[in-house]
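Letter by letter, the chains look like this.
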Amino acid sequence: KQEVTQIPAALSVPEGENLVLNCSFTDSAIYNLQWFRQDPGKGLTSLLLIQSSQREQTSGRLNASLDKSSGRSTLYIAASQPGDSATYLCAVPYYGGSQGNLIFGKGTKLSVKP
Amino acid sequence: GAGVSQSPSNKVTEKGKDVELRCDPISGHTALYWYRQSLGQGLEFLIYFQGNSAPDKSGLPSDRFSAERTGGSVSTLTIQRTQQEDSAVYLCASSLERGSGRDNEQFFGPGTRLTVL
């Protein structure tokens, strides 16, 4: 059974700092991994999707890496800003049977202090 | 273009009442998913629709929950005889057909916050 874990559960950093969020999964047979951002009281915003054949994906100040063999992904945020404060979730799809639903970690709540 | 939309954004109901939650997926997306996010819990998969195929209902927590998708587009999640433990944010997502590549990137709506008194 696929399980997704995110460490740390919460993180507080000063503005301008570079930071790394971690995501691990127990079954390395994944098709892709998706990182999301969730603001309080809002839905999920897709940040990056890394295919299983890729090792990295970049969007602006965000860089996500994927190491399937070790069951890990990291989300690197450069030069953090107070507007980056949110909960960050990683997820992998479950392809047992006919499903394609995502299995989520519990998220990392990030607070960037001005 | 328009993203996934959900209505209502908030719903307060009394225990025992039925509620209907609506999801409009992104136009052209054939896959539609419902998830539930409870306070202190992670995101929990509920049901999955793919095109005109029979839905995968394996995530529904009880027979009080049902969903339908009309015309391969709009979906309605119905909760009958609501209980306090049903209080949660119900999120809908859509994607292009399942497969490799970016087709299966899921896009989420803003959610419906359900409160059962």
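The coordinates are above.
Since we're looking at a predicted model, the values are computed, not measured.

A. Layout of the pattern of salt bridges. Counted under the stated rule, the structure contains five salt bridges over all chains. Residue A:Asp39 is joined to A:Arg37 by a salt bridge in which the shortest nitrogen-to-oxygen separation is 3.0 Å.

B. Structural view of the side chain of A:Asn63. All names here are of chain A. Tracing the backbone through its elements, the reader meets Asn 63 in strand 7 (residues 62-67). Engagement of the side chain of Asn 63 in a polar contact is seen with the side chain of Thr 58, the distance being 2.8 Å. Ignoring any residue separated from it by four or fewer positions in sequence, one finds Asn 63 in contact with Leu 48, Glu 56, Gln 57, Thr 58, Thr 74, Leu 75 and Tyr 76.

C. Structural detail: the interface of chain B and chain A. Taken together, the 22 residues of chain B in the interface contact 21 residues of chain A. Each partner contributes to the roughly 1,800 Å² buried at the junction of chain B and chain A, and carbon and sulfur atoms together form 48% of this total. Here chain B and chain A share zero salt bridges between them. Taken together, the links from chain B to chain A amount to five residue pairs in polar contact (both at pLDDT 80 or more). At the level of elements, strand 4 (31-37) and strand 5 (43-50) of chain B are the ones that each hand at least two residues to the side of chain B that touches chain A. For the side of chain B that touches chain A, the residue count by class is eight nonpolar, nine polar and five charged.

Definitions and cut-offs
Residues numbered from 1 in each chain as written. Chains lettered and ligands numbered in written order. Predicted model: local features only at pLDDT ≥ 70, side-chain atom pairs only at ≥ 80, totals over all residues. Heavy atoms only, no water. Salt bridge = Lys/Arg side-chain N within 4 Å of Asp/Glu carboxyl O. Helix = DSSP H or I, 4+ residues; strand = E, 2+ residues; numbered from the N terminus. Polar contact = N/O pair within 3.5 Å; in protein donor to acceptor, adjacent residues only side chain to side chain. Contact = heavy atoms within 4.5 Å. Buried area = accessible area lost by both parts, 1.4 Å probe. Nonpolar A, V, L, I, M, F, W, Y, C, P; charged D, E, K, R; others polar.

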